[in-house]
Structure formats: structure tokens, C-alpha cells
Amino acid sequence: MFEGFSPRDIEGPAGRLRTLQGGSGAPLLLLHGHPQTHVMWHAVAGELAKAFTVVMMDLRGYGDSARVASDADHQAYSKRAMAQDAMAVMKACGFSRFQVLAHDRGARVAHRLAADHRDAVERLMLLDIAPTLAMYDNTSDTFARAYWHWFFLIQPPPLPEALIASDPVRYVRSVMGKRHAGLAAFTPAALAEYERCAQIPGTAASICEDYRASAGIDLVHDRADVAAGWRLAQPLRVLWGEHGAVGQCFKVLDLWRERAHDVSGLALPCGHYIAEEAPALLLAEALKFFKP
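This report concerns the structure included in the present document.

Calculation criteria
- Residues numbered from 1 in each chain as written.
- Predicted model: local features only at pLDDT ≥ 70, side-chain atom pairs only at ≥ 80, totals over all residues.
- Heavy atoms only, no water.
- Helix = DSSP H or I, 4+ residues; strand = E, 2+ residues; numbered from the N terminus.
- Rg over C-alpha atoms; globule rule 2.2 N^0.38 Å.
- Contact = heavy atoms within 4.5 Å.
- Lys, Arg positive; Asp, Glu negative; His and termini not counted.
- Charge placed at Lys NZ, Arg CZ, Asp CG, Glu CD.
- Core = buried A, V, L, I, M, F, W, Y, C linked by side-chain atoms within 4.5 Å.
- Buried < 20%, exposed > 50% of the residue type's maximum accessible area, 1.4 Å probe, protein only.
- Phe/Tyr/Trp six-rings, centres within 6.5 Å; stacked < 30°, edge-to-face > 60°.
- Lys NZ or Arg CZ within 6 Å of the ring centre and 35° of its normal.
- Salt bridge = Lys/Arg side-chain N within 4 Å of Asp/Glu carboxyl O.
- Expected span 1.5 Å × (residues − 1).

## Things to note about the overall build of the protein
Part 1 of the argument: Looking only at helices and strands, the protein features 15 helices and eight strands.
Part 2 of the argument: For 292 residues, the compact-globule formula gives about 19 Å, and the C-alpha radius of gyration of the protein, at 17 Å, lands near that figure.
Part 3 of the argument: Structurally, the protein occupies a C-alpha span of about 45 × 40 × 35 Å along its principal axes.
Part 4 of the argument: Counting contacts in the protein only where the partners sit at least 6 residues apart, residues at least 24 apart contribute 76% of the total.
Part 5 of the argument: Of the side-chain charges in the protein, 30 are positive and 32 negative, and the distance between the mean point of each set is 2 Å.

Here it is, written out as C-alpha cells:
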């Protein structure tokens, strides 16, 4: 799926980070969502690599990156810690400044990355999220039903981990298949990779810790930014699926304008998995927004 890309394992702050790099030009970091891996970019990475040096990585706890031991405060899976992984990867690849395209969980990492490392991130495009703090603070019945996993995964261990680990493939297919486009949105090869990685020991615990961090320590960090009046200075482009819960439950641009100075965006005619449901539309947006 990634002809012309070179795989490389990079040692991050807490262990191995699986990466792929290809293309030439200005560096562009791609961050994936849950319960996926870097493979979610398979339909757009090749075209992006014609204009950019594309770096993809598996987030800690996902794909073929390290599963990290966590702690009572879930610091190990805070988006701040995951952002430090991204910085380590880009530094190892020789880049001190770069642009970011990110989806879902990766987009939450990208938000923290841009907030904590303002001199490194030049501009960013976030796919199908509103700010984490706003989504928790404004949760509705409709949102809770659509994003049930947000509230299931944060329950105390070991129940969520045990239920996922008992049948990881069923978990992946349930989470991904119940959205707008169903499982038809995913190629057999991509879906097989998501299923393979979900079965790696420690994945269930890592997924839960990622979400527990978002409902805990990540909110502490976000509230500190809000209290200090800090907003992202980088140009921010936000895309969301018109058939997805984020756009239906939240005023996406209004919420991002509370957290960033320079915000634009729009809904695309698809569901949550934009890179796989509407790759041509995403490519057109990315090539207009990012600077080669």
C-alpha cells in the first residue's frame, strides 16, 4: 500500500515508534486515529508524497509502536506525552519545523503538539474532531449514543480491557462498522491491518489508557490553556464529515475559534473516516492548504 515509502523504527521517549517516510519537499507529519494505524493514509499518502516529504507514525499503543506501561494519572497516554513522541520522530527524521495532517485521536495529539511546540508546527489540518474539552463539556444524549466507546473505554480496569481483549477483531469491526459508511469504507488490506494490530498483546490496555487520559489529564492541560488565554497561533484547517456525529452534535468552527486564532474549515460529504471515505476530496483540501 505504500510503494516508495521506507519503514523505520525510531526510539521515542517511551519506546519504539513505527514510522514510514516517502516523497520530497516540505515535511508533513500524518497522525492516525482509533482503532487504526498509519495504514489509514494509504489512499492519500502517495499523492501527498509528490509534493511533500511525508512522515507517518503509529501512535504509542497502536499499530506496531510500543505499548507503554501506564500510571494512576494516565500520564503515559496523555496527548502531551504522545506529542513528545511526534517531536522525537520528526527530529530523528531531520526536521525541526513541519506541518501536520491528523485524524481523530491523532488530531487530539496534533492539537497538543501545536500548543506545546509552537515553533515546530507551522500549520495543521484536523479531521473530524472538535476540541476534547468542548466535547466532554457539551456531551448530549445523541453524542453519547454515537460515541459510546468514549465512555466505555474510560471505565476502571480491568473490565474494558478484558472485554476488548476477548475478541479484538469484533471490537474493531463494531467500532468502525457502525459509523456512516460501515465496513465498506475500508479496503480488505487496510481492515486486516487494523485487526492484526488490535490483536497485539497490550493493545486493549493502551486503547483504554488513551481514552482515560483524554477524560482526565488531557482536560487538565486543556483547562490550563483556556485559563491562561492561550490559543493556537498556527493556521488551522478543520474538516468534518457531514454524516458524522461531530458535525451533527457540535458547532465545530465556533468551538475551534475559541482555541485558535486562524481557523477555517467545512464539512465534507462523508462520515467520520474522511481519508478512506473521501480521499480525493481530502487530497484537494490538503494540497490547497499545506505549503510545499
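Let us keep going from here.
## Let's talk about the nonpolar core
Nonpolar side chains tend to gather and get buried jointly when the protein is soluble and globular.
Part 1 of the argument: Of all hydrophobic cores here, the largest spans 103 residues; its most connected members are Leu29, Trp41, Leu48, Val100, Leu101 and Leu282.
Part 2 of the argument: Those residues in contact with leucine 29 that sit more than four places away from it in its chain are Val55, Met57, Ala86, Met90, Phe98, Gln99, Val100, Leu101 and Leu113.

## Examining the packing of aromatic side chains
Part 1 of the argument: Counted by the stated rule, this structure contains 13 aromatic pairs.
Part 2 of the argument: Between tyrosine 147 and tryptophan 150, the aromatic rings sit 5.8 Å apart at their centres with planes inclined by 65°, giving edge-to-face as the arrangement. When sorted by exposure, tyrosine 147 lands in the same class as tryptophan 150, which is buried.
Part 3 of the argument: Look at phenylalanine 186 and tyrosine 194: their rings are 6.4 Å apart centre to centre, the planes differ by 85°, and that puts the pair in the edge-to-face class.
Part 4 of the argument: The exposure class assigned to phenylalanine 186 is buried, which follows from its relative accessible area of 6%.
Part 5 of the argument: Three or more aromatic residues link up through ring pairs in this structure, and these residues are Tyr136, Phe143, Tyr147, Trp150, Phe151 and Phe250.
Part 6 of the argument: Between the NZ or CZ atom of arginine 105 and the centre of the ring of tyrosine 211, over which it lies, the distance is 3.7 Å.
Part 7 of the argument: Across from the ring centre of tyrosine 147, 4.7 Å away, lies the NZ or CZ of arginine 179, which sits over that ring.

## Some details on the pattern of salt bridges
Part 1 of the argument: On inspection of all chains with the given rule, the structure shows 22 salt bridges.
Part 2 of the argument: Measuring nitrogen to oxygen at the nearest pair gives 3.3 Å for the salt bridge that ties arginine 105 to aspartate 210. Remark: aspartate 210 occurs in helix α10 (residues 203-214) and arginine 105 occurs in helix α3 (residues 104-116); sequence separation between them is 105 residues. Accessibility classification places arginine 105 together with aspartate 210 in one group, the buried group.
Part 3 of the argument: Members of the salt-bridge network, linked through shared partners, are Arg80, Arg112, Asp116, Asp222, Asp225 and Arg259.

## Side note on α10
Given 3.6 residues per turn, any residue in an α-helix points the same way as the ones three and four places further on.
Part 1 of the argument: For α10, built from 12 residues, the straight-helix expectation of 16 Å at 1.5 Å per residue is met to within 8% by its first-to-last C-alpha distance of 17 Å.
Part 2 of the argument: Within the span of α10, buried status applies to Thr203, Ala204, Ser206, Ile207, Cys208, Glu209, Asp210, Tyr211, Arg212, Ala213 and Ser214.

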